[in-house]
Structure formats: C-alpha cells, structure tokens
Amino acid sequence: MTYATLTNLLGITIDEALVELALTHSSYAFENGKQPDNERLEFLGDSVLGFLVTEHVYQTHPEFDEGQLSRLRNASVSAKALTVAANQLGLGKFIRLGKGELASGGQEKSNILADAMEAIIGAAFISSGLDAAKHIVDKFIIPIISVEDVYLETSEPRTVLFELLKKQGRADAVFEVAHVGPDHDRTFFAEVLVSGELIAKGEGRTRKQAEANAAIAALKTLRG
C-alpha cells in the first residue's frame, strides 16, 4: 500500500510528507530516533473537524436547540465515529507503529485509528485548505451520523439501550464483562442481560469498547 493509494481513496491531494507525518504514531517516532509524530496534526485536525461538523449540524438541523446540536456534534467527532471512518478507509494498514504497538494489534485500536483520522484531516487542511478537509469530513464522517439513531448509537449506545428498554417497559440492562490476556494486551467480552436473559454480546480492546459493542448488538436485537 502506498500513500498515493490512500489519497486516491480520500479523493484529494495531500503533500506526501504530511501524509507520512499524519500516519506516524508516537511509538514509531520514539523507536526511530524520536522523529516527529502525528500529535500536532491530530490537534489541528480535531479543531478543523469540530468547526466543520458544527457548521454542518447548524445548517442542516434548524429545528435543533443548542443541547441537541451539541449532542450531534459530539457524536460526529467521537472516537467511535472516527474509528468507523478510519476502518472504511483501511487506515490501519498505513499507520506507522512501533514494534510494541504492532505486536499488540495497534492497527486496530480505536484511539490510534481515531487520532490518525484527525491527523489526516489536519494534513489535508495544511496541504490543500479547508475545502480539502471538508471533502474528507463530508465523505467519511457525516454519513455515519446522518440518521439520528445512528449518531446516538455511535456515541452513546448504552444510553440509547436503557432508553429503549424503558420505552418498552422492560427492566434495565445488566452488563457482565470478562477478559482474557495479559494486562498489556487484554481482550474484553461483554454480555447484555435483561431480566436474566442474554440479549447480545460484544468484545473490544477495553471494557468500555466491549460494552458499547454489546449495547449496539442488543439494540439491533431488540429492534428486530
């Protein structure tokens, strides 16, 4: 895979040096002579993303009050939404990681993928301006949260699950979580039970991620 492959997928032109920097995780930078990493671009990309998403939700939802607009914006820029977008791009294959992160599956970790996605947005902004950054956001971020249920489940699946159960007159969900593996490389497995009945399962690299994935699976089950 080359950086040209990635920029073709993005549909814009970004300076190759900036693409490489955006995909350089701190673990790789440290192991290779303390090179620059993607954290500054991530910082910039986070701000650019926030501005573009805020403008989008303001323009497209005139019926929303401030609280609803904030909720939608926060869902749009959440690590969950950014990870979905990164996976659509296959971004993990391009990220430069240190040996330890590679060994522990860093190319699939939500925080690393989300940070790299923000860094790519920052790189696009510096290289080709706001329109280029907006192209990425419109193409890969906005569709994820274009439907209310989708954006709520992307950012707050547990909350949405409890609200649905309450509407259905059912008992609250109970999450039971177990894990396997050593401290530095654990996989968590979550089960959702309602009145003692197993509704759904989910897994993830963290307890929170496993519970979120289980909640999303439970929502699908309960809605048929």
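Note that the structure is a prediction, hence the values are computed from the model and not measured. Per chain, residue numbering runs from 1 following the sequence as it is written. pLDDT decides what is reported in this predicted model: residues at 70 or higher carry local features, side-chain atom pairs at 80 or more are listed and counted, and totals for whole chains, interfaces and linings draw on all residues regardless. The side-chain quantities take in all heavy atoms of the structure and omit both hydrogens and water.

Trainee: Whenever I open this one, the overall build of the protein confuses me. Can you help?
Mentor: Helical segments are the DSSP runs of H or I of at least four residues, strand segments are the runs of E of at least two, and each set is numbered from the N terminus. When helices and strands are counted, the protein shows 12 helices and 3 strands. When we talk radius of gyration, it's over C-alpha atoms, and the globule rule is simply 2.2 Å times the number of residues to the 0.38. For 224 residues, the compact-globule estimate of 2.2 N^0.38 gives 17 Å, and the protein sits close to it at 19 Å. Seen through its principal axes, the protein has C-alpha atoms that stretch 55 × 50 × 25 Å. For every residue, the accessible area (1.4 Å probe, protein chains only) is compared with the maximum for its type, and the residue is labelled buried under 20%, exposed over 50%, or partly exposed between those bounds. Counting across all 224 residues of the protein, residues that qualify as buried make up 45%.

Trainee: Help me understand the environment of Lys139, please; the structure alone is not making it clear to me.
Mentor: Inspection of the secondary structure puts Lys139 in helix α9 (residues 130-141). C-alpha separation for the pair Lys139 and Ala85, spaced 54 residues apart in sequence, amounts to 9.1 Å. Only 3.1 Å separates the side chain of Lys139 from the backbone oxygen of Leu9, close enough to count as a polar contact. N or O atoms within 3.5 Å of each other form a polar contact, as long as, within protein, one can give a hydrogen and the other can take it, and as long as residues adjacent in sequence are counted only when both atoms are side-chain atoms.

Trainee: Could you clarify how one ought to interpret the pattern of salt bridges in this entry?
Mentor: Where charged atoms from two side chains of opposite charge approach closely, those side chains can pair. Any Lys or Arg side-chain nitrogen found within 4 Å of a carboxyl oxygen on Asp or Glu counts as a salt bridge. For the coordinates displayed, the defined rule picks out 8 salt bridges. In this structure, Arg170 engages Glu197 in a salt bridge whose closest nitrogen and oxygen atoms are separated by 3.9 Å. On the criterion of sequence distance, the pair formed by Arg170 in the loop between α11 (157-167) and β1 (173-180) and Glu197 in strand β3 (residues 197-204) is long-range, its members being 27 residues apart. Residue classification places Arg170 among the partly exposed residues on the basis of a relative accessible area of 34%. Shared partners join several salt bridges into a network, and the residues in it are Arg158, Arg207 and Glu211.

Trainee: Sorry if this is basic, but what is going on with the pairing of β3 here?
Mentor: One face of the sheet, then the other: side chains in a regular strand alternate in exactly this way. Between any two strands, pairing holds if DSSP finds at least two bridges. Here 7 bridges tie strand β2 (residues 187-194) to β3, and the two strands are oriented antiparallel to one another. Pairing of Ala190 across the sheet is with Gly202, part of β3. The antiparallel pairing of β2 with β3 creates a hairpin that spans 2 residues between the two strands, and Ser195 there sits at a positive phi of about 55°.

Trainee: Is there a simple way to think about the environment of Arg73 in this case?
Mentor: With respect to the helices and strands, the residue Arg73 is situated in helix α5 (residues 66-76). Put simply, Arg73 and Asp183 are 110 residues apart on the chain and 34 Å apart in space, counted from C-alpha to C-alpha.

Trainee: Sorry, what's going on with the sheet that holds β1 here?
Mentor: Paired through backbone hydrogen bonds, the strands of a sheet run either parallel or antiparallel to each other. If you walk across this open sheet you meet the 3 strands as β1-β2-β3, and the pairing is antiparallel. Of all the strands in the sheet, just β1 and β3 have a single pairing partner and so form its edges. With strand direction ignored, the average angle separating the axes of adjacent strands in the sheet is 20°. Against the sheet, α11 engages β1 and β2, with an angle of about 145° to β1. For helices, the fitted line uses only the C-alpha atoms of the stretch in contact; every axis is such a line through C-alpha atoms, and the angle between N-to-C directions lies from 0 to 180 degrees. Pairs of residues are marked as contacts when any of their non-hydrogen atoms sit within 4.5 Å.

Trainee: How should I be thinking about a nonpolar patch on the surface in this particular structure?
Mentor: Residues Phe51, Phe125, Ile126 and Leu130 make up a contiguous nonpolar surface patch of roughly 350 Å² in combined accessible area. Relative to the helices and strands, Leu130 is located in helix α9. Of the residues examined, Leu130 reaches a relative accessible area of 34% and is grouped as partly exposed. Patch rule: a residue counts if its relative accessible area is over 30% and it has no salt bridge; like charges are joined within 9 Å, and nonpolar side chains (Val, Leu, Ile, Met, Phe, Trp, Tyr) within 5 Å. Note on areas: these come from Shrake-Rupley sampling with a 1.4 Å probe, and a residue is covered only by the protein chains present in the view.

Trainee: How should helix α8 (residues 110-128) be read in this particular structure?
Mentor: For an α-helix, the turn length of 3.6 residues means that residues three or four places apart are oriented alike. To estimate how far a helix should reach, multiply one less than its number of residues by 1.5 Å. Taking 1.5 Å per residue, 19 residues should reach 27 Å; α8 reaches 27 Å between its end C-alpha atoms and fits that length. One or two positions beyond α8, positive phi appears at Gly129, with a value near 95°.

Trainee: Explain the nonpolar core here, please?
Mentor: Within this scheme, the nonpolar core is defined by two criteria: the residues are buried Ala, Val, Leu, Ile, Met, Phe, Trp, Tyr or Cys, and they are joined through side-chain atoms within 4.5 Å. Residues Leu6, Leu10, Leu23, Leu91, Met117, Ile120 and Ile136 are the most contacted members of the largest nonpolar core, which totals 45 residues. Counting residues per element, the ones that place at least two in this core are α1 (3-10), α2 (16-22), α4 (39-60), α5, α6 (79-89), α8 and α9. In terms of residue count, α8 provides more of this core than any other element does, 10 residues in total. Once residues lying within four places of it in the same chain are set aside, the contact partners of Leu91 are Leu6, Leu23, Ala86, Leu113, Ala116, Met117 and Ile120. Residues Leu164, Val194, Ile199 and Ala215 belong to the second largest nonpolar core, which totals 18 residues.

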